[in-house]
Amino acid sequence: MKLTPWMTTAALGLAGAAFAQDSNTLTIEGTTLITETNAPAHMEYVDTIYSGWRFRSQETQALEMDDFDNPAMIFVDQGIDLFEAVDGSAGKACASCHQDVEDFAGLRTQLPRVEDGQLVAMEDLVNECRTERMGAEPWKWSGGEMTAVTARIGLLSRGLPTSVAIDGDAAPFWERGKELYYTRVGQLDMACSNCHEDNYGVMIRADHLSQGQINGFPTYRLKNAKLNSIHGRFKGCMKNIRATPFAEGGDEFKALELYLASRGQGLSVETPSVRN
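Conventions used here
Residues numbered from 1 in each chain as written. Predicted model: local features only at pLDDT ≥ 70, side-chain atom pairs only at ≥ 80, totals over all residues. Heavy atoms only, no water. Helix = DSSP H or I, 4+ residues; strand = E, 2+ residues; numbered from the N terminus. Buried < 20%, exposed > 50% of the residue type's maximum accessible area, 1.4 Å probe, protein only. Lys, Arg positive; Asp, Glu negative; His and termini not counted. Charge placed at Lys NZ, Arg CZ, Asp CG, Glu CD. Axes fitted to C-alpha atoms, helices over the stretch in contact; angles between N-to-C directions. Parallel < 35°, antiparallel > 145°, perpendicular 65-115°, else oblique. Left-handed = near helix turned anticlockwise from the far one by under 90°. Contact = heavy atoms within 4.5 Å. Nonpolar A, V, L, I, M, F, W, Y, C, P; charged D, E, K, R; others polar. Expected span 1.5 Å × (residues − 1). Arc of directions from axis to C-beta.

This paragraph deals with the overall build of the protein chain. What the protein chain contains, in helices and strands, is 11 helices and 11 strands. Reported as C-alpha extents along the three principal axes, the dimensions of the protein chain are approximately 60 × 40 × 30 Å. Counting every position in the protein chain, which comprises 276 residues, the buried fraction comes to 50%. Put simply, the protein chain has 25 plus and 38 minus side-chain charges, and the middle of one group is 8 Å from the middle of the other.

Below you can see the structure in the form of structure tokens.
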């Protein structure tokens, strides 16, 4: 493949892109999570998949290993309060219908999924409840309220393996997501695959490129000290390669989310993870 000049420099600094991930074990609250497993059969060019946690420094890894130290838990607590808060014309809270939040265990592992012919993400489900059942205004896709509540819900699936459907009704969405993953865009003429498949492990901007797995979202980034959504991260990546980002919550990003989730089949959900 042809590397852009800045990537060529990075690659020369670290020969062998696939050797930067460590062999550390992620254990949280006594549960050991799967951070390495065989790649799904549909991945032609990668044999083993790794959680992004495996590419982080030991200091960053340690933050995720202890819920007391994990800065994302502050936002999870906010999510708990928001889940109980009455909002909208119907005088309801999320908890009015979903009295036992534990019922959401496993939901994160299955999303995005197809409902009534449409591909839906967790944010769609939250806003549908707000607008259709609570009579409340929808939350911004990557806003603080949304990421707090999706982190709260996602936490209930932590430790469970990612397992999204990519056949049947989901197949055309998955194919679209795959196409987007390998399509070069922007002034730097790059695709997702150029960094996260061809060059994972390479040192870029004082950090190691990971495989771009999304099993830990929403994720707390030390860079901006807040929870970040999956689509917000997609948007940031597109800006980095000087491309015009697709809309958060739009068809393109949801298709890409499905495809990326399928590339992490078998990895444990880590929500809420900690990254650089």
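A separate point is the packing of helix α6 (residues 122-133) against helix α7 (residues 144-155). At their nearest, the axes of α6 and α7 sit 10 Å apart, and the two run at 110° to each other. Classed by the angle they form, the pair α6 and α7 counts as roughly perpendicular. Judged by the twist between their axes, the crossing of α6 over α7 is right-handed. Facing α6, whose interface residues are Met122, Glu123, Val126 and Asn127, α7 presents Met146, Val149, Thr150, Ile153 and Gly154. For the contact of α6 with α7, the class distribution of residues is five nonpolar, three polar and one charged.

This brings us to the packing of helix α10 (residues 230-240) against helix α11 (residues 251-263). In the contact formed by α10 and α11, the axes pass within 10 Å of each other and the chain directions differ by 100°. On the basis of their axis angle, the class for α10 and α11 is roughly perpendicular. Touching Ile230, His231, Phe234, Lys235 and Met238 of α10 are Phe253, Lys254, Leu256, Glu257 and Leu260, all from α11. Residues that form the contact of α10 with α11 fall into these classes: six nonpolar, one polar and three charged.

Another aspect to go through is helix α3 (residues 73-84). Between its first and last C-alpha atoms α3 spans 17 Å; for 12 residues at 1.5 Å apiece the expected length is 16 Å, and the two agree. Within the span of α3, buried status applies to Met73, Phe75, Val76, Gly79 and Phe83. When α3 is viewed along its axis, its buried side chains cluster within an angular range of 150° and face the same direction. Residues of α3 that are exposed and point more than 90 degrees away from the buried face comprise Ile74, Asp81 and Glu84.

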